[in-house]
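Chain residues, written in single-letter form:
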Amino acid sequence: DQDIRNLRPFLPTDRAIRSRIALLHRDGKVAVLTEGFAGARDPDVSFDAATILFAGRRKASDRWTIYETALDGSRLRQTVDLLEDCLDPIYLPDGRILFSRFTKKTKSPEAALFACRPDGSELQRLTFHFGIDLGASLLQDGRVLFTNWRYNEKLGRWFPRLFTISSDGTGVTAIREALSGPDAR
């Protein structure tokens, strides 16, 4: 099997079980927003700072899925209901959300970026790379920066590549290829 040690923090594993999303108030008080979850990770605050998207598991045996909650912990709702693990949600300027959706069509993990409306409708696949697309971040110009991890059979390791993409799925541009240089020999 492929060595995934350098990918483990990013995969939908049990490592984030017992993790929580919390809000630290100015007075020093801490409010846990994901009480009752087996694990929560990858928070993203909305543009108006009223809500937070995050990946969560209600029970340790559940798959990772995308939730949204108000900053006070109220109005908790599941935004995406898919059969695969979903991580790294972010808000997009057009009102949609973007996230990584894991599939396992081969013996190695694969993930692509998807976008949908906040109610989970109009699901659209945005990336079609081999490997794992993760770590999406919104840039000031509206493009999305993300990392694609691709396995190099020759070296027996996963390597990251940085890309940008428009939120409609067009304009995929490689920023940095890590498969060149001394590591590629």
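Just so you know, these numbers come straight off a predicted model, no measurement behind them. (Residues numbered from 1 in each chain as written. Predicted model: local features only at pLDDT ≥ 70, side-chain atom pairs only at ≥ 80, totals over all residues. Heavy atoms only, no water.)

## Observations concerning unusual backbone geometry
Comment: phi is negative for the bulk of residues other than glycine, and the bulk of peptide bonds are trans.
Line of reasoning, step 1. In this structure, Ala49 takes a positive phi of about 60° despite not being glycine.
Line of reasoning, step 2. Backbone geometry places Glu122, a non-glycine residue, at a positive phi of 55°.
Line of reasoning, step 3. Relative accessible area serves as the criterion here: at 56%, Glu122 is assigned to the exposed category. (Buried < 20%, exposed > 50% of the residue type's maximum accessible area, 1.4 Å probe, protein only.)

## Some points on the nonpolar core
Line of reasoning, step 1. Ranked by internal contacts, the top residues of the largest apolar core, which has 21 residues, are Ile66, Val80, Cys86, Ile97, Phe99, Phe102 and Ile132.
Line of reasoning, step 2. Listed by contribution, the elements that provide at least two residues to this core are β4 (51–57), β7 (86–91), β8 (97–103), β9 (110–116), β11 (132–138) and β12 (144–152).
Line of reasoning, step 3. With four residues, β9 is the largest single contributor of residues to this core.
Line of reasoning, step 4. Residues contacting Cys86, with those up to four places away along its chain left out, are Ala55, Trp64, Thr65, Ile66, Val80, Phe99, Ser100 and Arg101.
Line of reasoning, step 5. Leu92, Leu98, Ala136 and Val144 belong to the second-largest nonpolar core, a separate cluster that totals eleven residues. (Core = buried A, V, L, I, M, F, W, Y, C linked by side-chain atoms within 4.5 Å. Helix = DSSP H or I, 4+ residues; strand = E, 2+ residues; numbered from the N terminus. Contact = heavy atoms within 4.5 Å.)

## Topic: the packing of aromatic side chains
Line of reasoning, step 1. Tallied over the full model, the rule gives six aromatic pairs.
Line of reasoning, step 2. Geometrically, the ring pair formed by Phe99 and Phe114 is stacked, given 6.3 Å between the ring centres and 20° between the ring planes. Of the two residues, Phe99 sits in strand β8 while Phe114 sits in strand β9, which places them 15 residues apart along the sequence. Considered together, Phe99 and Phe114 belong to a single accessibility category, that of buried residues.
Line of reasoning, step 3. Joined through ring pairs, the aromatic side chains of Phe37, Phe54 and Tyr67 make up one cluster.
Line of reasoning, step 4. Geometry around Phe114 places Arg101 over its ring, the cationic atom sitting 4.9 Å from the centre. (Phe/Tyr/Trp six-rings, centres within 6.5 Å; stacked < 30°, edge-to-face > 60°. Lys NZ or Arg CZ within 6 Å of the ring centre and 35° of its normal.)

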